[in-house]
Amino acid sequence: MESAVILLCPICNAIHALEGRRNEYSKQELFSQVKTHLRGHDLNEPKMAIRKYGVVSDATEIVVPSKTRRQLPIKEWTERDDTWLPDGALSGGEGSQSTPESSVEVSSL
Ligand SMILES: [Zn+2]
């Protein structure tokens, strides 16, 4: 069995997997991974920072059989629908942990 860390973009639902355990990565490393991806979205600096912290705090460590780990999107961010993940990896069915979108929106006034 192998460990991997899953990052999920809240904007486009893309997934990026990192080999190894979450505690092998410093927050700075995780932030830089996320920031690289978020640059592709049209965000201003405050929104970028909010999203960046959100993705890193939601990073999930999973354990998969060695032979299936290569199916994870290790090299690049991949659409969630095109991505193989073990059942329950992102605990998507519960729905109670999602952050309300409205708290992120900044009023123009
Ligand atoms: Zn994205």
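Residues numbered from 1 in each chain as written. Predicted model: local features only at pLDDT ≥ 70, side-chain atom pairs only at ≥ 80, totals over all residues.

A. Main features of the overall build of the chain. Summing up its helical and strand segments, the chain has three helices and four strands in all. The helix and strand sequence of the chain, counted from the amino end, reads β-β-α-α-β-α-β. Put simply, the chain has 109 residues, and 19% of those count as buried. Relative to all contacts within the chain whose residues are 6 or more apart in sequence, the contacts with residues 24 or more apart total 68%. (Helix = DSSP H or I, 4+ residues; strand = E, 2+ residues; numbered from the N terminus. Buried ≥ 20, exposed ≤ 12 C-beta atoms within 10 Å, placed from the backbone. Contact = placed C-beta atoms within 7 Å.)

B. Examining unusual backbone geometry more closely. With a phi close to 65°, Asn-13 is a non-glycine residue in the positive phi region. Structurally, the position occupied by Asn-13 is in the loop between strand S1 (2-8) and strand S2 (14-19). When the 12 C-beta atoms within 10 Å are taken as the criterion, Asn-13 is described as exposed.

C. View of the nonpolar core. Ala-4, Val-5, Ile-6, Leu-7, Leu-8, Ala-17 and Val-55 are the most contacted members of the largest nonpolar core, which totals 17 residues. Broken down by secondary-structure element, the contributors of at least two residues to this core are S1, S2, helix H1 (27-38) and helix H2 (45-57). No other element matches the five residues that S1 contributes to this core. In this view, Ile-6 contacts Ile-15, Ala-17, Ala-59, Thr-60, Ile-62, Ala-89 and Leu-90; residues no more than four positions away in its chain are not counted. (Core = buried A, V, L, I, M, F, W, Y, C linked by C-beta atoms within 7 Å.)

D. The arrangement of H1 in detail. For H1, spanning twelve residues, the distance from its first C-alpha to its last is 16 Å, which sits close to the expected 16 Å at 1.5 Å a residue. Against the buried residues of H1 lie S1, S2 and H2. (Expected span 1.5 Å × (residues − 1).)

E. Examining the sheet that holds S2 more closely. Strand order in the open sheet made by the four strands is S3-S1-S2-S4, with antiparallel pairing throughout. In the strand order of this sheet, the two ends are held by strand S3 (60-64) and strand S4 (78-79), each with one partner. Here S2 runs beside S4; their pairing, made up of two bridges, is antiparallel. Its bridge partner lying in S4, Ile-15 is registered against Thr-78. In the packing of H1 onto the sheet, contacts are made with S1 and S2, and the angle to S2 comes to roughly 150°. (Pairing = 2+ DSSP bridges. Axes fitted to C-alpha atoms, helices over the stretch in contact; angles between N-to-C directions.)

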